[in-house]
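Each chain, written out:
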Amino acid sequence: MMSGRGGLGGVWPLLGMLMLAWPPSLSLAINITDFWEQRQLLLAQEQTTILGQDQVLTAEEQQVNELLMAAKLKEMNYGFETLNYPPSKNFIAVRHEIEASDVFKIIKEMPKGAGLHLHDTALASATWVVEEITYWPDLYMCYTPQDQLLMKFFSKPDTSCSWKLVSDVRASYPTEEDFNKELLSRLSLLTDNPDEKYPDENAAWAAFQGYFVAITDMLMYRPAWEGYLYHALQEFVDDNVLYIEFRGTLPPIYELNGTLLTPEATMAVYRDTAQRFLNDHPDQYFGTRFIYAPPRRVDNDTMEGYISLVKQLREQFPDFVAGFDLVGQEDQGFPLKDFVGSLLKLSEAQIPVFYHSGETAWMGMSTDENLIDALLLNASRLGHGYAITKHPEAKELALEKDVPLEICPISNQVLKMVDDLRNHPAAGLVANGFPVVVSADDPGAWGAVGLSHDFYEAFMALGGAKADLRFLKQLAVNSILFSSLDDEKKSQLMLKWVAKWDEFIASTNRFYSSTSKRFYPKTTLPPVIIKLLQNP
C-alpha cells in the first residue's frame, strides 16, 4: 500500500474514524410520505422567520393582502417565465416599468412610516430642480477644465470661473427642451444606458460625486434651499411618508451678495423651513430631524472640528439635530478606526451616531471592518451594512444590541454594489427576520421619489415570493421604532401612522366589499386598486 503525501496511507485511519462516528440512526432510505411531511415542515418553519411574520393581520388586512399578493405573484410569474424582472435590472433603466406596476401603485398609497437614511441635496427630484430652480434669475453656470458643471447664484459673478447666466445659455440652444435634457443629465445620474455609462463602482461614484458638486452650490442659496427642502418634504408627504431624518454635510448657506451664514445660522434655516412645512401640513406630516454627516476623508484635526461643531449644534438645536455620521465612498475614505479617539468623545457627550459602515463588496478590508467599529462605538443604526453577512460576529452583536441596518436597495444597485437585487445580502437577512429599515438614500439623483421605489424593490426582491403585507407593515413599524425620536414622540408618531394605515386598509376593504355587494360613490380608493378589484 502506498503511503506518504501522494498515497492513501493516512486516509484509511480517517475513514475508519468517520465510519465509527456515523450516526446509526441516519438512514439514506425515506418513504414518500415522510418526504412530503418533512418538506412541508421545513417550508413552514422557514416561513415563520421572514421579516414581519409575527404581524397578525385583521380580516380587513387579509383581504388587502389577497389583492396585493395576487398582483405580486402575477408580476413574479411573468418575470420567472420571461426573465424580464425589474429588480434584476438597473433601476435607472426600468424606473418607468416599475412605476407602471400594480404592486408599486398599491405600495405608493400605503403609509410607509419614516425615511431614516437620506441625504440633503439629493432629497427632491432633479427634474423639479431643472424645471423650477434653474429658471430663477441670477443663476450662473460654467464648466471647469475637467468638464465639471458648476452652478451658483450671484448678484455679480466672481472671477473663479467663466460664469454665464443660465437664462442666456438656455436661450442659445435650439430648443429649451434640448438644454433642459442636457442639464438634467448633469444634475442627476439619469441616462438611457446606465450599465454602459457606469460600468463599475468607481465610475458610478465619480458621476455621483459630480452630481453633488454640480447641484450643491446652487441649492445653498438661501431662498433656493428653503424652496428645495420644502418641496422635498412635499414629495415625501405625497408618497405617504410621515417623518424623515436626513443627513447633511452642512455647507454654508449664502445670500445673493455672497454673505455666508454661520453653521448655527445655516442650521436655523434648515429647522425653520422644516417647521414651516410641518405647520402647513399638521395632519399629513409628523416632523423632520437632521444628522450632521461631514466627509470621512479628512485628517484628525478636521475631525476634531467636526466633533466640536456637532456638540454645539446638538446643544443649540436638541429637538432637530439627531446625531452624527461620516459620509463619502467608504472604499476611498478613511476608516472609523482612524478616528477612534475623537469619535469616543461623542459617546461621552451622549450624542447618537448613525455610521455608514460596510457599504462595500470587499471582505477583510478596513471598509467592511467599519461594521465592527461602528458597533463598538455604539451606533444606533448601521448605514447600509452591505457586508455584514461576511462578519458573523458583527451580525450577532447587531442582533444582541438590536441595531438595525439601513437598507437602501436602489442605491446599492445604482452604485454597483449588486446588479440583481435578488442577490442582495439583505435578502438572507430578511429571511431570518434581522432588524432592518428600508430607505432611499439619494432618490433625487436617480429619479426615485420618496420611499415607494425602494419599498417596491425590497418587497419584490429582498422578500421573495412569500413576503406579503406583513413584511411591508413591519418595515413601516421598524422605521418608527428605530427612529431617533424619544419614546414619547415615537408613540405619537406610531399612533399617527396607525390611523393612516387603518384608513388605507379600510378604504381598500370598503371597495373590496362593494364589488360584490353595493357601490360606494364617494370612495377615495386609488384607481389602481379599483382596477385590480374589478379584474382580479
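Remember, it's a predicted structure, so these values are computed and weren't measured experimentally.

**A short note on the nonpolar core**
Line of reasoning, step 1. Grouped together as the largest cluster of nonpolar side chains are 151 residues, with contacts concentrated most on Trp225, Tyr270, Phe324, Leu343, Tyr355 and Trp446.
Line of reasoning, step 2. Per-element accounting of this core gives the leading share, nine residues, to helix H11 (residues 222–238).
Line of reasoning, step 3. Ignoring any residue separated from it by four or fewer positions in sequence, one finds Tyr270 in contact with Asp120, Met220, Trp225, Leu229, Phe246, Leu250, Pro251, Ile253, Phe290 and Phe320.

**Things to note about the state of the cysteines**
Line of reasoning, step 1. Under the criterion given, the structure shown has one disulfide.
Line of reasoning, step 2. The disulfide bridge from Cys142 ends at Cys161, spanning 1.9 Å between sulfur atoms. Between Cys142 and Cys161 the disulfide shows an S-S torsion of about 105°. By sign, it is right-handed. Pair noted here: Cys142 is in strand E2 (residues 139–143) and Cys161 is in the loop between strand E3 (149–153) and strand E4 (164–165), with a separation of 19 residues, a long-range link.

**Section: the sheet that holds E2**
Line of reasoning, step 1. Taken together, the three strands give an open sheet; going across it, the order is E3-E2-E4, and neighbouring strands pair in antiparallel fashion. Every interior strand has two partners, whereas the edge strands, E3 and E4, have only one.
Line of reasoning, step 2. Here E2 runs beside E3; their pairing, made up of five bridges, is antiparallel. Bridge pairing in E3 places Tyr140 opposite Lys152.

**Looking at the pattern of salt bridges**
Line of reasoning, step 1. Scanning all chains against the criterion turns up 15 salt bridges.
Line of reasoning, step 2. Residue Glu406 pairs with Arg247 through a salt bridge whose shortest N-O separation is 3.0 Å. One end of the pair, Glu406, is in strand E10 (residues 405–407); the other, Arg247, is in strand E5 (residues 243–248), with 159 residues separating them in the sequence.
Line of reasoning, step 3. Among the salt bridges present, the one from Arg381 reaches Glu406, with a minimum N-O distance of 2.5 Å. Of this pair, Arg381 sits in the loop between helix H15 (366–376) and strand E9 (382–384) while Glu406 sits in strand E10, and the two are 25 residues apart along the sequence. As far as the burial class goes, Arg381 and Glu406 line up, both buried.
Line of reasoning, step 4. Connected via shared salt-bridge partners are Glu245, Arg247, Asp325, Arg381 and Glu406.

Rules behind the numbers
- Residues numbered from 1 in each chain as written.
- Predicted model: local features only at pLDDT ≥ 70, side-chain atom pairs only at ≥ 80, totals over all residues.
- Heavy atoms only, no water.
- Core = buried A, V, L, I, M, F, W, Y, C linked by side-chain atoms within 4.5 Å.
- Buried < 20%, exposed > 50% of the residue type's maximum accessible area, 1.4 Å probe, protein only.
- Helix = DSSP H or I, 4+ residues; strand = E, 2+ residues; numbered from the N terminus.
- Contact = heavy atoms within 4.5 Å.
- Disulfide = S-S within 2.5 Å.
- Pairing = 2+ DSSP bridges.
- Salt bridge = Lys/Arg side-chain N within 4 Å of Asp/Glu carboxyl O.

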